[in-house]
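# Secondary and tertiary structure notes
Read off the chains here:
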Amino acid sequence: MTTETHDAADNDRTELKARLRYDFDRTAPDYKDNFDSITAELHQKCPIAWSETHGGHWVISGGPDVFGIARNGEALSSDHDIANQRRGYQGIAIPKAHQYQMGFLEMDPPGQRHYRQALNPYMSPAAVERWIPFADDICRAVLNERIETGSIDFVEELANVVPAIQTLAMLGLPLVDWPIYNEPFHAAVYTPPDSPDMPRVMELVGTMLNNVAAGVASVRANPRPGLIDAIINAEIEGRAPTDDEVIGTITLLIGGGFDTTTALTTHSLEWLSAHPDERDRLSRNRDALLDSATEEFLRFYTPAPGDGRTVSADFEYNGVQFKEGDRLWLSWAMANRDPQMFECPHEIEIDRKGNRHQAFGLGVHRCIGSNMGRMMFKRMLTAVLDRMPDFVVDSSGREAYESIAMMNGMRHLPATFTPGRRVGDGLDATIERLQKVCDEQRIAEPVTKSTRVAKVD
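So, a few notes on the structure that sits alongside this text. Sequence order as written defines residue numbering, which begins from 1 separately in each chain. Only residues with pLDDT of at least 70 get local features here, since the model is predicted, and only at 80 or more are side-chain atom pairs given and counted; chain-wide, interface and lining totals rely on the full set of residues. Side-chain measures here rest on the full set of heavy atoms in the structure, leaving out hydrogens and waters.

## Brief notes about the packing of helix α13 (residues 243-274) against helix α14 (residues 276-284)
We apply this condition: An axis is simply a line fitted to the C-alpha atoms; with a helix, the fit covers only the stretch in contact. Between two such axes, the angle follows the N-to-C directions and lies from 0 to 180 degrees. Segments assigned H or I by DSSP are reported as helices when at least four residues long, segments assigned E as strands when at least two residues long, and all are numbered from the N terminus. Any angle that is under 35 degrees is reported as roughly parallel, and any over 145 degrees as roughly antiparallel; angles of 65 to 115 degrees are reported as roughly perpendicular and all others as oblique. For this analysis, residues touch if any pair of their heavy atoms sits within 4.5 Å. Three categories are distinguished: nonpolar for Ala, Val, Leu, Ile, Met, Phe, Trp, Tyr, Cys and Pro, charged for Asp, Glu, Lys and Arg, and polar for the others, with Gly belonging to the last.
α14 packs onto α13 with a crossing angle of 110° between their chain directions and a minimal axis gap of 5 Å. Considering their axes alone, α13 and α14 lie roughly perpendicular with respect to each other. For the pair α13 and α14, the contacting residues are W271, L272, S273 and A274 in the first and P276, E278, R279 and L282 in the second. When its residues are assigned to classes, the contact of α13 with α14 shows 5 nonpolar, 1 polar and 2 charged.

## Points about the sheet that holds strand β5 (residues 306-311)
The following threshold applies: Whether two strands pair depends on DSSP finding at least two bridges between them.
One open sheet holds the 5 strands; their spatial order is β1-β2-β8-β5-β3, and the pairing between them is mixed. Whereas interior strands pair on both sides, the edge strands pair on one side only; in this sheet they are β1 (48-51) and β3 (76-77). Where β3 lies against β5, 2 bridges are found, and the strand directions are antiparallel. For S77, the partnering residue across the bridge sits in β5 and is T310. The sheet contacts of helix α4 (residues 63-70) involve β1, β2 (57-60), β3 and β8 (327-331), and relative to β8 the element is tilted by about 125°.

## A few points about the side chain of D153
As a reminder, the rule being used: Burial here depends on accessible area, computed with a 1.4 Å probe over protein chains only, as a share of the maximum for the residue type. Under 20% is buried, over 50% is exposed, and the range in between is partly exposed. All tallies of charge rest on Lys and Arg as positive and Asp and Glu as negative; His and the ends of each chain are not included. By salt bridge we mean one thing: a side-chain nitrogen of Lys or Arg within 4 Å of a carboxyl oxygen of Asp or Glu. Polar contacts here mean pairs of N or O atoms no more than 3.5 Å apart (in protein, one a potential hydrogen donor and the other a potential acceptor; neighbouring residues in sequence count only if both atoms are side-chain atoms).
Mapped onto the elements, D153 comes out in strand β4 (residues 151-153). We note that D153 is buried and unpaired, the nearest opposite charge coming from R411 at a distance of 9.2 Å. A distance of 3.3 Å separates a polar side-chain atom of D153 from the backbone nitrogen of E156. One polar contact links the side chain of D153 to the main-chain amide nitrogen of L413, over a distance of 3.0 Å. Look past the residues within four positions of D153 in its chain and what remains in contact with it is L158, R411, H412, L413 and P414.

## As for the pattern of salt bridges
Tallied over the entire structure, the rule returns 31 salt bridges. Linking D36 and R337 is a salt bridge whose minimum nitrogen-to-oxygen distance equals 2.9 Å. Taken together, the positions of D36 in helix α3 (residues 35-45) and R337 in the loop between α16 (332-335) and α17 (370-387) put the pair 301 residues apart, joining distant regions of the chain. Judged by its relative accessible area of 37%, D36 falls in the partly exposed class. R337 gets classed as buried once you look at its relative accessible area, which sits at 5%. In this structure, E41 and K45 form a salt bridge, with 2.8 Å as the shortest nitrogen-oxygen distance. Of this pair, E41 and K45 both sit in helix α3, 4 residues apart, which is roughly one turn of that helix. Among the charged side chains, a salt-bridge network with shared partners connects D137, R140, D425 and R433.

## Comments concerning the packing of aromatic side chains
The line we're drawing: Only Phe, Tyr and Trp rings are paired, with Trp represented by its six-membered ring, and only when their centres lie within 6.5 Å; those with planes under 30 degrees apart are stacked, over 60 edge-to-face, the remainder tilted. Definition used: whenever NZ (Lys) or CZ (Arg) falls within 6 Å of the ring centre and also within 35 degrees of the ring normal, the charge is taken to sit over that ring.
Within the structure shown, the criterion is met by 14 aromatic pairs. Centroid distance F297 to F377: 6.2 Å. Interplanar angle 70°. Geometry classified as edge-to-face. Placement of the pair is F297 in helix α15 (residues 286-301) and F377 in helix α17, with a sequence separation of 80 residues. In this pair, the class of F297 matches that of F377, namely buried. Cluster of aromatic residues (ring-pair linked, three or more members): W271, F297, F300, Y301 and F377. Over the face of the ring belonging to F300 we find R337, whose NZ or CZ atom lies 3.8 Å from the ring centre.

## Re the pairing of β2
Burial along β2 is two-sided: the face carrying H57 and V59 and the face carrying W58 and I60 are both buried. Relative to β2, β1 runs antiparallel, the two sharing 4 bridges. The partner of W50 across the bridge, within β2, is W58. Hairpin connection of β1 to β2: 5 residues between the antiparallel strands, including H54 at a positive phi of 55°.

## Let's talk about the pairing of β8
The buried count for β8 comes to 5 of 5 residues, which makes it a mostly enclosed element. Residues R327, W329 and S331 point to one face of β8 and L328 and L330 to the other, with burial holding for every one of them. Both β5 and β8 contribute to a ladder of 5 bridges, which runs antiparallel. Counterpart to G308 in the pairing with β8 is W329.

## What about unusual backbone geometry?
At the junction of I94 and P95, the peptide bond is cis and its omega measures out at 0° in the coordinates. Structurally, the position occupied by P95 is in the loop between β3 and α5 (111-123). For the peptide bond that leads from P109 to P110, omega is 10°, which places it in the cis range. By the element assignment, P110 lies in the loop between β3 and α5. For E237, which is not glycine, the phi dihedral falls at a positive 55°. Along the polypeptide, E237 turns up in the loop between α12 (227-232) and α13.

## A few points about the nonpolar core
Selection rule: Nine residue types can take part in a nonpolar core, namely buried Ala, Val, Leu, Ile, Met, Phe, Trp, Tyr and Cys, and a core is a set of them joined through side-chain atoms within 4.5 Å.
The biggest cluster of nonpolar side chains holds 104 residues, and the ones touching the most others in it are F134, F154, L158 and F297. For this core, the element with the most residues is α13, which contributes 12 residues. Setting aside anything within four residues of it in sequence, one finds F134 in contact with Q166, A169, L175, L434, C438, I443, A454 and V456. By size, the runner-up hydrophobic cluster in this structure holds 35 residues, among which are Y31, W58, V66 and V311.

Written out as structure tokens, the structure reads:
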């Protein structure tokens, strides 16, 4: 390419960016409050937009465009090159938010693929189905703690607790330690970086990471089934993962297992409280509606709103030239509101058909825990419908995350209901009993080794 041709190409790109410019900032305070209008404007004006914020990056919001671009694994990278040993790419956060690699979520194949191959036998539909009695028992015990009072915080006293205990069981960590992991993971997401509470949150995170390291050492010394054992014994590009890589991957799995399911469950319960006729219809027709309602809540609320990528090879899409090194944001949340893909996209229809949402992402990094997330959500939802069918959310006590930049989450969602009776033992006794189920029945083994379903008394 001659100098003149190169200069002309640069001018064309500059003009294109100016034409497609939209001052998009997902970290801005008003983004959450104006999500619907911002999304509609982007879809109408520039579903592929250029934003000058955070060093300049592309914003992909259109459903067909996210679908087309996200699957271009040959030209997109998730790599977070902390030590600048490869091409210096900055991972999936825009703006850059952390100085560590988020496990295989910030890796490219083949290493990323090797981790997924090691973990898939624990995450497949058949593997997840084995855990349903276990999850039901946790839900029963958690609701027992509040059922006689007639009030509950659906975040603190249900949707935070069930995924935490379930995730630790799958990892092979002691169930009784769930509080050590619970607050740090949620607080690290919802606490603003400049908050005076951040030092305390970071101290909790440090304690949690020390606990993870101790858990890894324990599994190495006394092997037991679970995701930690799978990661320790994985072969990643011809070698065993280092302790730092093991801990990073475990941290990723804990984060993915905790906050996303909490967010989906609480938003859905809030909507059902506001639409009691639909709640009753769903409860009466679970066999027909539970699956479609789950997918619709995923589409509408999209707990993890999007992911960043770095362009690793020049490519063109719909007349837009993407150059190596460009940063781009793939918005799963905005794609899920595109009228080109969904009729009445800003409305919830619990019987929606053909719901090809992108809430779990697309391409090689599609959420590995999607089956487990769906299962936990359905078990929590049905438990509430069974035992607290007339619940009413107290909107005055509702507290959502200040920002939806990382997670469309909630901190508090209080509700009242007609009190009921306890069924079986409480949470502490249930955790002790379920720990024995894990240890004796070895239900955390991969489905390739055992298909036994958890037997819970």
